[in-house]
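The primary structure of each chain is shown beneath.
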Amino acid sequence: MARVSAFSSPLLLGFDEIERALDRLSKGTGDGYPPYNIERLPKSADNDEILRITLAVAGFSDDELDVTVEENQLVIRGRQKDESDRIFLYRGIAARQFQKFFVLAEGIEVLGAALKDGLLSVDLARPTIERTARRISISRNA
């Protein structure tokens, strides 16, 4: 059975990347761990829009976290080392690995990441785009 999407209209040309991004989002994990915020920061001289993703990663050190960009996706991974020499009477703080994916729009740049007080912040910027219009000449011979 053929799959019909909202982007299959003949009037929407070149949107196949958006359709693939939506597919990746729908296949992503619905796990809410670790919790995160996304906020809009004030504009800077170089960027119209700056976004900050903040993840609550208490118990993770910077060498146990990995932030990468893979094919227009921001991927944040955390993996804690198993400390078998520790004996817990009660363990209420989760020590588990995680993977979070954020699909990035074309042109979004990762400015950097910082870990402070158990919060991992990743700053993203959308550079200022100049809007242009150009006239296309029509040839008589096609």
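Refer to the preceding data block for the structure.
Worth saying up front: this structure is predicted, and the values here are computed from it rather than measured.

Conventions and cut-offs
- Residues numbered from 1 in each chain as written.
- Predicted model: local features only at pLDDT ≥ 70, side-chain atom pairs only at ≥ 80, totals over all residues.
- Heavy atoms only, no water.
- Pairing = 2+ DSSP bridges.
- Helix = DSSP H or I, 4+ residues; strand = E, 2+ residues; numbered from the N terminus.
- Axes fitted to C-alpha atoms, helices over the stretch in contact; angles between N-to-C directions.
- Buried < 20%, exposed > 50% of the residue type's maximum accessible area, 1.4 Å probe, protein only.
- Salt bridge = Lys/Arg side-chain N within 4 Å of Asp/Glu carboxyl O.
- Phe/Tyr/Trp six-rings, centres within 6.5 Å; stacked < 30°, edge-to-face > 60°.

Student: An account of the sheet that holds strand β2 (residues 47-56) is needed here, citing residue identities and associated values.
Tutor: Here 4 strands make up an open sheet; going across it, the order is β1-β2-β7-β6 and the pairing antiparallel. Each end of this open sheet is capped by a strand with a single partner; those strands are β1 (36-41) and β6 (109-116). Ignoring which end each strand starts from, the neighbouring axes of this sheet average 20 degrees apart. Direction of pairing for β2 relative to strand β7 (residues 119-127): antiparallel, over a ladder of 9 bridges. Its bridge partner being in β7, T54 is matched across the sheet by S121.

Student: Tell me what's going on with the side chain of S121, and back it up with residues and numbers.
Tutor: One can find S121 in strand β7. Its relative accessible area of 18% is what places S121 among the buried residues.

Student: Describe the pairing of β2, listing the residues and the values that go with them.
Tutor: Examined bridge by bridge, β1 and β2 share 6 bridges and lie antiparallel to one another. Across the sheet, residue N37 finds its bridge partner in β2, namely T54. Once β1 ends, the chain turns through 5 residues before running back antiparallel as β2.

Student: I'd like a description of the sheet that holds strand β5 (residues 98-103), backed by residues and values.
Tutor: The strands making up a sheet associate through hydrogen bonds between their backbones, and the pairing can be parallel or antiparallel. Ordered by their spatial adjacency, 3 strands build an open sheet running β3-β4-β5, and the pairing between neighbours is antiparallel. The open sheet has two free edges, formed respectively by β3 (65-70) and β5, since each of these has just one partner strand. Adjacent strand axes in the sheet meet at a mean angle of 15 degrees, parallel and antiparallel pairs treated alike. Relative to β5, strand β4 (residues 73-78) runs antiparallel, the two sharing 6 bridges. Looking across to β5, one finds that I76 is bridged to K100.

Student: Tell me what's going on with the pattern of salt bridges, and back it up with residues and numbers.
Tutor: In the structure shown here, the tally under the stated rule is 4 salt bridges. Here R52 and D123 are joined by a salt bridge, their closest N and O atoms 2.6 Å apart. Taken together, the residues span a long stretch of sequence, with R52 in strand β2 and D123 in strand β7 at a distance of 71 residues. Residue E70 is joined to R77 by a salt bridge in which the shortest nitrogen-to-oxygen separation is 3.2 Å. Note on E70: relative accessible area 32%, which makes it partly exposed. With relative accessibility at 26%, the residue R77 sits in the partly exposed group. Taken together, the salt bridges that share partners define one network made up of R40, E49 and R126.

Student: With reference to specific residues and values, describe the packing of aromatic side chains.
Tutor: Across all of its chains, the model carries 3 aromatic pairs by this definition. Relative to F102, the ring of Y36 has its centre 5.3 Å away and its plane inclined at 85 degrees; by these criteria the two rings are edge-to-face. Taken together, the positions of Y36 in strand β1 and F102 in strand β5 put the pair 66 residues apart, joining distant regions of the chain. Accessibility expressed as a relative area gives 39% for Y36, which makes it partly exposed. Between F60 and F98 the ring centres are 5.4 Å apart and the planes differ by 85 degrees, which places this aromatic pair in the edge-to-face class. Of the two residues, F60 is situated in the loop between β2 and β3 and F98 in strand β5; the sequence distance between them amounts to 38 residues. The residues F60 and F98 share a single accessibility class, namely buried. Among the aromatic residues, those joined into a ring-pair cluster are Y33, F60 and F98.

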